[in-house]
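The lines below spell out each chain.
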Amino acid sequence: DLPAAIRKRRYDLVFSNSVIEHVGGHERRMRLAEAVHELAEQHWVQTPYRYFPIEPHFVAPGMQFMPSTTQALIARMPEDPSVN
């Protein structure tokens, strides 16, 4: 939920860069979309394209297509291979 000070105002433009994918669940995404519509007539809500070949959070080719266990292993790997 947005703070009341933000919700009561109106804006020329609402810009959201890769936020909606992180709010969690369909209901919360719908609430975010409704808030965007309430705050401004003009809006830009950007979400990553799932089928883009590079996963945007880890900059890893094809990571989004790997099993979740493999994704977790890669996410835990240190950037510097000499780190144990």
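You'll find the structure just up there.
Thresholds, definitions, all that
- Residues numbered from 1 in each chain as written.
- Predicted model: local features only at pLDDT ≥ 70, side-chain atom pairs only at ≥ 80, totals over all residues.
- Heavy atoms only, no water.
- Helix = DSSP H or I, 4+ residues; strand = E, 2+ residues; numbered from the N terminus.
- Buried < 20%, exposed > 50% of the residue type's maximum accessible area, 1.4 Å probe, protein only.
- Contact = heavy atoms within 4.5 Å.
- Areas by Shrake-Rupley, 256 points an atom, 1.4 Å probe, with all protein chains shown as cover.
- Lys, Arg positive; Asp, Glu negative; His and termini not counted.
- Charge placed at Lys NZ, Arg CZ, Asp CG, Glu CD.
- Salt bridge = Lys/Arg side-chain N within 4 Å of Asp/Glu carboxyl O.

Sorry if this is basic, but what is going on with the overall build of the protein here?
Counting its secondary structure elements, the protein contains 3 helices and 4 strands. Listing the helices and strands of the protein from first to last along the sequence gives α-β-α-β-β-β-α. By principal-axis analysis of the C-alpha atoms, the protein measures approximately 50 × 25 × 25 Å. The buried share among the 84 residues of the protein stands at 14%. Counting only contacts in the protein whose residues sit at least 6 apart along the sequence, the fraction spanning at least 24 positions is 53%. With an accessible surface of roughly 7000 Å², the protein has 58% of that area assigned to carbon and sulfur atoms. In the protein, 9 side chains carry a positive charge and 10 a negative one; their mean positions are 6 Å apart.

Honestly, the pattern of salt bridges in this entry has me stumped. Any pointers?
Two side chains bearing opposite charge may form a pair once their charged atoms approach each other closely. Within this structure, the stated rule accounts for 1 salt bridge. The shortest N-O distance in the salt bridge between R7 and E38 comes to 2.7 Å. With R7 in helix α1 (residues 4–7) and E38 in helix α2 (residues 26–39), this residue pair connects regions lying 31 residues apart in the sequence. For R7, a relative accessible area of 31% corresponds to the partly exposed category. Overall, the relative accessible area of 42% leaves E38 in the partly exposed class.

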